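Analysis of the macromolecular model
So you can see what is in the structure, the chains are spelled out below.
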Amino acid sequence: MMEQYVEIKAANPDCLLFYRMGDFYELFFQDAEIASHALGIVLTKRGKHLGKDIPMCGVPIERADEYLHKLIAQGHRVAVCDQLEDPAEAKKRGAKSVVRRDVVRLVTPGTLTEDSLLDATRNNYLVAIVRTRASVGERTRFGLAFLDMSTGEFHLTESDNIAAELARLEPGEIIVSDALYGDPELAPLLRTLPVTPLGRDVFDGATAERRLASFFAVATTQAFGALSRLELAAAAACVTYVERTQIGRRPPLSPPVREAEGATLAIDAATRANLELMRTLAGETRGSVLSAIDRTVTAAGFRLLAARLAAPLTDPDAIALRLDAVDTMLGAAPRSELRSRLASAPDLARALARLALGRGGPRDLAAIRDGLRAAQELAARLSDLAALPDELRDAAVALRRPDPAIAEELARALADELPAFRRDGGFVRADYDAALDDTRALRDESRRVVAALQARYADETQVRALKIRHNNVLGYFVEVTAQHGERLMAAPLNKTFIHRQTLAGQVRFTTTELGELEARIASAADRALGIELEIFEALTARVTAIAEDIKAAAHSLAVLDVTAALATLAADQRYVRPQVDRGLAFAIEGGRHPVVEQALAAPFVANNCDLSPPTDKTVGRIYLVTGPNMAGKSTYLRQNALIAVLAQTGSFVPARSAKIGVLDRLFSRVGAADDLARGRSTFMVEMVETAAILNQASERSLVILDEIGRGTATFDGLSIAWATIEHLHETNRCRTLFATHFHELTALAAKLDRLTNVTVRVKEWQGEVVFLHEVTAGAADRSYGIAVAKLAGLPAAVIERAKLILAELEAEDRTSHARRLMDDLPLFAATARPSPGPSLDEAGNLVIAALAALNPDEMSPRQAIEALYALKAKTAEQD
Ligand code: ADP
Ligand code: MG
């Protein structure tokens, strides 16, 4: 046996091996040490290997899922090795034969299908990444394939912004080639994620087409559209990995669907975190935008809502289709009826995936039955609605796709009460299969005979308390208390009763008759189970034969759920339909923050925002938002970003009206001080992120900057904020909201024609500050810091002293200093336009020489920065 173990383990060196022995999965050697530590289970020993004890631990098969869950969550991979034959068959081959075993599946984080291992509210994506070999001067491009094995979704895309894509998908597992894994440029990103590096063959471009086509059993992959080489390689990597982990089993994967690049709004990880889209900065779902807008009633609906919110669209026509559907649903009378019918629909897609992989149980068949019925009924309800918009009409058609005969067949076949596992039996309804009914009758009849036998034995022995019992070791046996045991062991009764076991209080016997009966019962029960398992296979085959139809119906149920949920949200929270087009407008009237308004006891003060291009201009504006602490600046910034996100998701928005020229990218950053308070970040990170925005934001982007420059000394911070605004205004020309506590910046409005000062109003009343949360044109005249400090309960003496100091400082008047500065400095444009650089040859030689002299391994970050400046200066010398 150990030989067999060592051989199988050698073939799966990167996995913990779950080696099936009877009712346990055992782990040996180092695996046992790792697992016992990770799972908190006892480490024991079994036999010797090369003269040393073999460490061992094990988990019972009924609880295997639970332990698998823990191991996967801790980043382990597990190879499940099962017995491929009955131990009896092995014995037939010879007394010393070992039961045939082999690995039937690799359990990895990205290939899970069990409900107990999955989060019902999230897609679990397996993502494959490939990269073009970047030639000098060309941008690196990535091909991405992502699939959710538990639902069968499969998508492809190309991108040059891998970080934003991964932030959107939140993969369960990422596969990359060893080479890419070792790439220093990607390491900082990949190190933080669940990555499995794999050999080159998995990512081989030359065989990609063939592997993908053979997985889907098609002659060529042209059926999937014109795939780029990158997409093809990524897709092939995904299916190869699925084949390797599922070992002969095929999940019901849909053919890959291409997502055009730029089809979704790019939102990088920092922006997602800042806006608290999927979870709050503290990592909780509650308090996130997703949970604030969620009114779905099914797990599949919630997953779709989350996926849509994570990837808002950029095509106004596609957005309009979704909004039309919400609009119709909003007016539809039977919305609540639809929703209550939806609520009882099970998770069709995941049940289907388990059945297709041979991991399904009777309850999965029941889920298909109930889901298909719900689909039929909902299709009928939908057709009651008068004019269906496209999205709902398509849904209604898909809901009708699965053959209704299958749901009926399942209804006939399945019993009312269903066991968790098919091996438990008893899930086929009486009257469904004649042969099964007969065998069950035989089994039950024999059980009655056992009962009669007990009565007869009690009579014959005069032991009234004699019982016939059953356990897994002895099978059926006769049991009497110790005091009667003697009598049964003495003549004449010992002719009938054969002693088997003496316990503290009882003695156990068997009889020839009981043995025969037992064999009859066991074989009838075995046969009954055998028939049930055949029926299970047949039903499963019928279900998986229409897998594509079932998935289409499942998706439509989710679409219906999301649509009805968004309509319900709009009705409850007074959201309006946004107008989304290809222009560059950004005009929100009476906008609100979707999360804050629901959390607030007091009424939320609605605010306008108009970043649309001024009448004589073609690009959008910048709002410079000032106002004291706690006035509502951050809330205002975020609410406008969220209104755009919701609009492009296809949801109504919390506003009186909203007109938005579709965004291509959304950026949101918070000054380092805020982040530092959460222990997350430093000024350096703030600057790196600001740099990313200035390099990437286009005229179509929306940029939200909240007190950038706060994490450093005043003049540094002011200067950086100043230069950043100028760059956004002159070069990026994107619609921007910029909150700042540097009042000096308001002077910029005089010079930058598309910059508008707005302020969040506060009122002073009897020496106290009152927050009005109202955004109006103009600049805050004072910062009210002292008033806020007083509100916070600083001692009166400190407040008085602070007022004195402030008065002194104000005499110096930094604002007028800034005005002067602005008049003296050349216009931003004059400094920002890149001057025609030196020829590559001259500068190149100098720079290359300087580079060769550097030794990065021995430099401090500061020295590195200085060296960089020195290099930069070398290029400038050539001007
Ligand atoms: P700032 O960024 O100016 O310091 P915040 O945006 O963090 O202020 O807002 C502070 C608090 O004021 C919020 O937590 C919220 O409770 C409240 N608030 C902000 N905006 C509004 C509003 N428009 N209506 C009602 N309350 C608001
Ligand atoms: Mg703030």
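Residues numbered from 1 in each chain as written. Chains lettered and ligands numbered in written order. Predicted model: local features only at pLDDT ≥ 70, side-chain atom pairs only at ≥ 80, totals over all residues. Heavy atoms only, no water.

**Section: the site of ligand 1**
If you check the shell around ligand 1, you find 13 residues, and the closest are Val-605, Met-630, Lys-633, Ser-634 and Thr-635. Between ligand 1 and Met-630, the relevant distance is 2.7 Å, taken from an oxygen atom to a main-chain nitrogen or oxygen of the residue. For ligand 1, whose unbound accessible area comes to 560 Å², protein coverage reaches 78%. With 3 residues, helix α24 (residues 633-649) is the single largest residue contributor to the shell around ligand 1. Residue classes in the shell around ligand 1 are distributed as 7 nonpolar, 5 polar and 1 charged. (Near = heavy atom within 4 Å. Polar contact = N/O pair within 3.5 Å; in protein donor to acceptor, adjacent residues only side chain to side chain. Areas by Shrake-Rupley, 256 points an atom, 1.4 Å probe, with all protein chains shown as cover. Helix = DSSP H or I, 4+ residues; strand = E, 2+ residues; numbered from the N terminus. Nonpolar A, V, L, I, M, F, W, Y, C, P; charged D, E, K, R; others polar.)

**A short note on the packing of aromatic side chains**
Applying the stated criterion to the full structure yields 12 aromatic pairs. Both rings, one in Tyr-5 and one in Phe-28, keep their centres 4.9 Å apart while their planes meet at 85°; by these two values the pair is edge-to-face. With a gap of 23 residues between them, Tyr-5 in helix α1 (residues 2-11) and Phe-28 in strand β2 (residues 24-28) connect regions that are remote in the sequence. By relative accessible area, which is 1% here, Tyr-5 ends up buried. Residue classification places Phe-28 among the buried residues on the basis of a relative accessible area of 0%. (Phe/Tyr/Trp six-rings, centres within 6.5 Å; stacked < 30°, edge-to-face > 60°. Buried < 20%, exposed > 50% of the residue type's maximum accessible area, 1.4 Å probe, protein only.)

**What to know about the pattern of salt bridges**
According to the stated counting rule, one finds 61 salt bridges in the structure shown. The salt bridge involving Arg-308 is made with Glu-391; its shortest N-O contact spans 3.5 Å. In this pair, Arg-308 is assigned in helix α12 (residues 299-310) and Glu-391 in helix α17 (residues 390-399), connecting sequence segments 83 residues apart. Here Arg-308 and Glu-391 have matching classes, each one buried. Between Arg-542 and Glu-409 there is a salt bridge, with its nearest N and O atoms 3.7 Å apart. Residue Arg-542 is located in helix α21 (residues 512-545), and its partner Glu-409 is located in helix α18 (residues 404-413); the two are separated by 133 residues in the primary sequence. Assessed through its relative accessible area of 16%, Glu-409 is described here as buried. Within this structure, Arg-141, Glu-158, Asp-160 and Glu-261 form a network of salt bridges that share partners. (Salt bridge = Lys/Arg side-chain N within 4 Å of Asp/Glu carboxyl O.)

**Section: the pairing of strand β6 (residues 101-107)**
With 5 of 7 residues buried, β6 lies mostly within the body of the structure. Pairing between strand β5 (residues 78-83) and β6: 6 bridges, direction antiparallel. Note on β6: the bridge partner recorded for Cys-81 is Val-103. (Pairing = 2+ DSSP bridges.)

**Concerning the nonpolar core**
Membership of the largest hydrophobic core comes to 114 residues, with the highest contact counts inside it found for Ile-368 and Val-543. A per-element tally of this core places helix α22 (residues 547-573) first, with 14 residues. With residues near it in sequence (within four places) discarded, Val-543 still touches Leu-352, Leu-355, Leu-365, Ile-368, Ile-406, Leu-410 and Ile-550. Met-149, Val-202, Ala-237 and Cys-238 belong to the second largest nonpolar core, which has 31 residues in total. (Core = buried A, V, L, I, M, F, W, Y, C linked by side-chain atoms within 4.5 Å. Contact = heavy atoms within 4.5 Å.)

**Digging into the environment of Arg-761**
Mapped onto the elements of the fold, Arg-761 is located in strand β26 (residues 755-765). Residue Arg-761 is classed as partly exposed on the basis of its relative accessible area, which comes to 34%. For Arg-761, the contacting residues outside a window of four places in its chain are Phe-771, Leu-772, His-773, Glu-774 and Thr-776.

**Some details on the sheet that holds strand β21 (residues 622-626)**
Across the sheet, which stays open at both edges, the 7 strands sit in the order β13-β23-β24-β25-β21-β26-β27 with mixed pairing between neighbours. Lying at the two open borders of the sheet, with one neighbouring strand each, are β13 (266-267) and β27 (768-777). Here β13 pairs with strand β23 (residues 665-670) via 2 bridges, running parallel. Bridge pairing in β23 places Ala-266 opposite Arg-665. The strands touched by α24 are β21, β23, β24 (702-706), β25 (735-739), β26 and β27; relative to β24, the strand with the most contacts, the crossing angle is about 160°. The sheet contacts of helix α26 (residues 683-696) involve β23 and β24, and relative to β23 the element is tilted by about 155°. (Axes fitted to C-alpha atoms, helices over the stretch in contact; angles between N-to-C directions.)

**Quick word on the environment of Leu-533**
With respect to the helices, strands and loops of the structure, Leu-533 is situated in helix α21. Accessibility expressed as a relative area gives 31% for Leu-533, which makes it partly exposed.

**A look at the pairing of strand β4 (residues 52-60)**
A regular strand places its side chains so that they alternate between the two faces of the sheet. Pairing geometry for β2 and β4, over 5 bridges, is antiparallel. Counterpart to Phe-28 in the pairing with β4 is Met-56. In terms of strand pairing, strand β3 (residues 44-49) meets β4 through 4 bridges, oriented antiparallel. Pairing of Thr-44 across the sheet is with Met-56, part of β4. Remark: 2 residues form the turn of the hairpin made by β3 and β4, two consecutive strands paired antiparallel; Leu-50 in that turn has positive phi of roughly 50°.

**As for helix α19 (residues 434-461)**
With 28 residues, α19 extends 40 Å from end C-alpha to end C-alpha; this agrees with the ideal 40 Å at 1.5 Å per step. When we look at burial in α19, the residues that qualify are Leu-436, Thr-439, Arg-440, Arg-443, Ser-446, Val-450, Leu-453, Tyr-457, Ala-458 and Thr-461. Buried residues in α19 make contact with β14 (467-471), β15 (475-481), α20 (482-489) and α21. Taking the backbone nitrogen of Ala-435 as reference, a side-chain oxygen 3.2 Å away marks Asp-433 as the first, capping residue of α19. (Expected span 1.5 Å × (residues − 1).)

**Examining a nonpolar patch on the surface**
On the surface, a cluster of nonpolar side chains totalling about 280 Å² of accessible area is made up of Leu-804, Ile-805 and Leu-809. Structurally, the position occupied by Ile-805 is in helix α29 (residues 796-812). (Patch = residues over 30% accessible without salt bridge, like charges linked within 9 Å, V, L, I, M, F, W, Y side chains within 5 Å.)

**Quick word on the sheet that holds strand β19 (residues 586-591)**
If you trace the 4 strands from one edge of the open sheet to the other, you get β18-β22-β19-β20, paired in mixed fashion. For this open sheet the edge positions go to β18 (579-581) and β20 (607-610), each flanked by a neighbour on one side alone. The average angle at which neighbouring strand axes cross in this sheet is 10°, direction not considered. For β18 and strand β22 (residues 657-661), the ladder comprises 3 bridges, and the chain directions are parallel. Counted as the bridge partner of Asp-581 is Gly-661 from β22.

**Observations concerning the side chain of Thr-746**
Structurally, Thr-746 can be placed in the loop between β25 and β26. Polar side-chain contacts of Thr-746 include one of 2.7 Å to the backbone oxygen of His-743. The contact partners of Thr-746, leaving out residues within four places of it in the chain, are Leu-624, Thr-626, Asn-757 and Ala-779.

**Some remarks on unusual backbone geometry**
Here the residue pair Ala-491 and Pro-492 is connected by a cis peptide bond, since its omega of 5° sits within 30 degrees of zero. Inspection of the secondary structure puts Pro-492 in the loop between α20 and β16 (498-502). Phi is positive for Glu-170, close to 45°, though the residue is something other than glycine. In this structure, Glu-170 sits in the loop between α5 (162-169) and β10 (173-177). Residues other than glycine seldom take positive phi values, yet His-773 does so here, at roughly 55°. Tracing the backbone through its elements, the reader meets His-773 in strand β27.

**Details of the confidence of the model for the chain**
Detailed reading of the predicted model is not advised wherever pLDDT is low. When pLDDT is averaged along the chain, the result is 88; 93% of the residues meet or exceed 70. Scored below 50 in pLDDT, residues 675-680 shows 7 contacts in the model against residues more than four places distant or in partner chains. (pLDDT = per-residue confidence, 0-100.)

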